[in-house]
Protein chains: 2
Amino acid sequence: MSGSILIVGSVAFDSVKTPFGEEDDIFGGTATYSSVSASFFSPVRLVAVVGDDFGEKEMDVFRKHKVDTEGLTRMPGKTFRWKGEYGYDLNEARTLDTQLNVFEKFDPVIPEQYRSSEYVFLGNIDPDLQLSVLQQIKRPRIVACDSMNYWIKGKPEAVKRTFSHVDIVVINEAETRMLANESNLVRAANKILAMGPKTLIVKRGEYGVLMFNGTSVFAAPAFPLEDVFDPTGAGDSFAGGFMGALAQEGTVNERAFRRGIIYGSVMASFNVEQFGLKRLTGLTRSDIDSRFYQFKALTHFEEL
Amino acid sequence: MSGSILIVGSVAFDSVKTPFGEEDDIFGGTATYSSVSASFFSPVRLVAVVGDDFGEKEMDVFRKHKVDTEGLTRMPGKTFRWKGEYGYDLNEARTLDTQLNVFEKFDPVIPEQYRSSEYVFLGNIDPDLQLSVLQQIKRPRIVACDSMNYWIKGKPEAVKRTFSHVDIVVINEAETRMLANESNLVRAANKILAMGPKTLIVKRGEYGVLMFNGTSVFAAPAFPLEDVFDPTGAGDSFAGGFMGALAQEGTVNERAFRRGIIYGSVMASFNVEQFGLKRLTGLTRSDIDSRFYQFKALTHFEEL
């Protein structure tokens, strides 16, 4: 049976400029992308904070994807806003403006009925808040956790403390090297595993992901796409798809993890094909499974 | 039965500095790395030019690997010399000095007994010379061709002309984008396939390779290594292993190409573990096959 996933993170309005277009105030945020992505596989419970500019149009997206919003807190003020720009290589966003707004006072309280969630994804928020979420959860089966350079620079000890309490760390390549203070990625990954997590998933943008667990490494490419419009939310779509597939599978072993990595990569590849949530919200499960099998054709060399 | 491979390119003495050490005047060059690498799979015939500083020590390397040096011309003067430096990311060499020496007058003449070679690898030399080699060959089964930014900038039309006469183009990611004048890699690849070659192999350094043939894409990661000492020759070790495995296989189909890509990646991964040719020349076929199967464990997710 498919387990429920608790997702904690930011809900935001993003203004995004890429070489292919520009859109203002589009519905986004870590928790939004990961929830919508995970919802194709398993029931999702959301913990996040929004302001009074968050309306029915946005709620409808969560409703459509059956995301449980019992844990969505509404506070007076504006929702978190981020403005960024991508160059032609689309690999890294340049942040033009960040307005934390209500997100600044985010202190996640996990509703009673969420506390027995078996699968937990801690989106990129203050590592101390991530730890406080964990302290409210009963006996999760799998906890995955994201972070970012801002916290790794500003609160490295808190990041390490939180990582020591989770099963899976999901960060990008530069963050892996920064946290480990080591330029070789394999050595850096081993240093992070030594901090406590059993698994490290390193996101490498258009180059895919590497998963390290101390005894084996799994490499998945990104899906080669002719049209990449907006990379915003790719990492969170990946994490949502990964956790969703894992929760749906219900078993925790190397095969389930690898299939989860591929489902995550499938969701990330769809996400970047259009601005914001447009592509994800229009998907069917058969679109997803069809691209999953395309990944096999893309990577396998012994059984074609 | 295993077909012979004709390899045309440079033989050089390299001075290389990496964060892990420095060595001067080490035996290298495009044709050297690709010949030694290919020799583990199939007989190799070498066409290159050297100066009078090229001695028995270097000839012994070719002898050990049964490389046919009938096509190795000795000219008065010095052998091609290159000096370069790598930073911590090891992705791109900074050229400090290039002395073409006898290589400047290289005009490859293919010995009569080489002209029926079934497999041909045209290493990175002047595209007009690559074409002149092709005009001397009878009916090759597979011709693969490398190039570089220097020729793509300086002689784009000659590069395109040569590419229109080969089966497989093997270039790096930046060169693919530059030649196609297109930032999206999939579109760039399709533009290069439209120039004539049936297959394009895009080398992406520590991110592995992508193979495009117009109907499918194959992605292979680089082997994750804790110790990368010297990336010099990785691309040529890749090409040599790829062509060698293809010639040994003897069949020309998608499966043979994919296995060739993996064998090429295996050889590149060994090559970077030590300075110069040290690692390659010490390998056994069983080292190679063992890493080939590690690649399967690294990439497959359906059959573990």
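Above this text you will find the structure in question.
Residues take numbers from 1 onward in each chain, read along the sequence in its written order. By the order in which they are written, chains take letters starting at A while ligands take numbers starting at 1. Owing to the predicted nature of the model, reporting of local features is limited to residues with pLDDT of at least 70; listing and counting of side-chain atom pairs is limited to 80 or more, with chain, interface and lining totals taken over all residues.

Next up on the list: the overall build of chain A. Per the convention used, a helix needs a DSSP run of H or I reaching at least four residues, while a strand needs a run of E reaching at least two, with both numbered from the N terminus. A tally of regular secondary structure across chain A gives eleven helices and 13 strands. Note on method: radius of gyration uses C-alpha positions; expected globular size equals 2.2 Å times residues raised to 0.38. Taken over C-alpha atoms, the radius of gyration comes to 18 Å for chain A, in line with the 19 Å a tight globule of 304 residues would show. Put simply, a residue is buried when 20 or more other C-beta atoms lie within 10 Å of its own C-beta and exposed when 12 or fewer do; between those, it is partly exposed, and each C-beta is set from the backbone. Evaluated residue by residue, chain A yields a buried proportion of 51% over its 304 residues. Contact definition: two residues whose C-beta atoms, as placed from backbone geometry, lie within 7 Å. Contacts in chain A between residues far apart in sequence, at least 24 positions, make up 66% of those at least 6 positions apart.

The next thing to look at is the relation of the copies chain A and chain B. Least squares is used to superpose the copies, and the fit set is the C-alpha atoms of residues whose pLDDT is at least 70 in both copies. The two copies are related by a screw operation: chain A maps onto chain B through 180 degrees of rotation and 0.0 Å of translation along the axis, at an RMSD of 0.0 Å. One copy is carried onto the other by what is essentially a two-fold rotation axis. A share of 100% of the interface residues of chain A reappears at the interface of chain B, consistent with the copies meeting face to face through the same patch.

Nonpolar cores are identified as sets of buried Ala, Val, Leu, Ile, Met, Phe, Trp, Tyr and Cys residues joined via C-beta atoms within 7 Å. A144 and M243 of chain A together with A144 and M243 of chain B are the most contacted members of the largest nonpolar core, which totals 194 residues. The residues touching M243 of chain A, leaving out its near neighbours within four places in the chain, are I5, A38, Y119, F121 and A144 of chain A.

Since the α-helix turns once every 3.6 residues, residues separated by three or four places project in the same direction. Counting buried residues in helix α1 (residues 30–38) of chain B gives nine out of nine residues, a clear majority hidden from the surface. Of the positions making up α1 of chain B, those classed as buried are T30, A31, T32, Y33, S34, S35, V36, S37 and A38 of chain B.

A few words on helix α3 (residues 127–136) of chain B. Within α3 of chain B the residues assigned to the buried category are P127, Q130 and V133 of chain B. For α3 of chain B, the angular spread of the buried residues around the axis is 110 degrees, confining them to a single face. By definition, the arc is the one covered by directions from the helix axis to the C-beta atoms.

Let us look at the pairing of strand β1 (residues 5–8) of chain B. Residue and element names in this part refer to chain B. Of the two faces of β1, the one lined by I5 and I7 and the one lined by L6 and V8 are each fully buried. Being paired, for any two strands, means DSSP has found at least two bridges between them. Sheet analysis places β1 next to strand β4 (residues 44–50), joined by four bridges and oriented parallel. Bridged to I7 within β4 is L46. As defined by bridge partners, β1 adjoins strand β8 (residues 119–122) across four bridges and the pair is classed as parallel. Residue pairing across strands places I5 opposite Y119, the latter belonging to β8.

Attention now moves to the interface of chain A and chain B. Counting residues at the interface gives 32 residues for chain A and 32 residues for chain B. Within the residue set of the side of chain A that touches chain B, elements represented by two or more residues are α7 (185–193), β13 (217–220), α9 (254–271) and α11 (285–299) of chain A. No other element matches the five residues that α9 of chain A contributes to the side of chain A that touches chain B.

Residue and element names in this part refer to chain A. Mapped onto the elements, M195 comes out in the loop between α7 and β11 (199–203). Given 17 C-beta atoms within a 10 Å radius, M195 is considered partly exposed. As for M195 and R161, which are separated by 34 residues in sequence, their C-alpha atoms are 8.2 Å apart. Discounting chain neighbours no more than four positions away, the residues touching M195 are K160, F163 and S164.

So, about the packing of α1 of chain B against helix α8 (residues 234–249) of chain B. Residue and element names in this part refer to chain B. Angles shown run from 0 to 180 degrees and are taken between the N-to-C directions of axes, each axis being a line fitted to C-alpha atoms and, for helices, limited to the stretch in contact. Look at α1 against α8: their axes get within 7 Å of each other, and the N-to-C directions meet at 40 degrees. Taken together, α1 and α8 sit at an angle that is classed as oblique. α1 and α8 meet at a crossing whose hand is right-handed. For the pair formed by α1 and α8, the contact residues are T30, Y33, S34, S35, V36, S37 and A38 on the first element and D236, S237, A239, G240, G241, M243 and G244 on the second. Gly falls in the polar group here, along with every residue not listed as nonpolar (Ala, Val, Leu, Ile, Met, Phe, Trp, Tyr, Cys, Pro) or charged (Asp, Glu, Lys, Arg). Along the lines of polarity and charge, the residues of the contact of α1 with α8 split into five nonpolar, eight polar and one charged. Roughly parallel means an angle under 35 degrees; roughly antiparallel, over 145; roughly perpendicular, 65 to 115; everything else is oblique. Take the far helix as the reference: if the near one is turned anticlockwise from it by less than a right angle, the crossing is left-handed, and if turned clockwise, right-handed.

With that out of the way, let us pick up the sheet that holds strand β3 (residues 21–28) of chain B. Residue and element names in this part refer to chain B. The four strands are arranged β3-β2-β6-β7 in an open sheet whose pairing can be described as mixed. Either end of the sheet is taken by a strand with one partner, and the two such strands are β3 and β7 (93–99). This sheet shows a mean twist of 15 degrees between the axes of neighbouring strands, independent of strand direction. In terms of strand pairing, strand β2 (residues 12–18) meets β3 through six bridges, oriented antiparallel. Paired with A12 across the two strands is G28, which belongs to β3.

With that settled, consider the sheet that holds strand β6 (residues 80–86) of chain A. Residue and element names in this part refer to chain A. Pairing is mixed in the open sheet, where four strands are placed in the order β3-β2-β6-β7. A strand with exactly one partner marks an edge of an open sheet, and here the two such strands are β3 (21–28) and β7 (93–99). This sheet shows a mean twist of 15 degrees between the axes of neighbouring strands, independent of strand direction. The sheet contact formed by strand β2 (residues 12–18) and β6 spans six bridges and is parallel.

Residues and elements named next belong to chain B. For V11, the location among the structural elements is in the loop between β1 and β2. Judged by the 28 C-beta atoms lying within 10 Å of it, V11 is buried. Between the C-alpha atom of V11 and that of V47, which follows or precedes it by 36 residues, the distance is 9.4 Å. Residues within four places of V11 in sequence aside, it is in contact with G29, A31, T32, A48, V50, T79 and F80.

Attention now moves to the environment of N271 of chain B. Residues and elements named next belong to chain B. By the element assignment, N271 lies in helix α9 (residues 254–271). Its 29 C-beta neighbours within 10 Å are what place N271 among the buried residues. Distance from N271 to Y33, taken between C-alpha atoms, is 8.7 Å for residues 238 residues apart in sequence. Here N271 is in contact with Y33, G233, A234, S237, R279 and L280, once residues within four sequence places are set aside.

Residues and elements named next belong to chain A. In this structure, D25 takes a positive phi of about 50 degrees despite not being glycine. Relative to the helices and strands, D25 resides in strand β3. Using a count of 15 C-beta atoms within 10 Å as the deciding quantity, one classes D25 as partly exposed.

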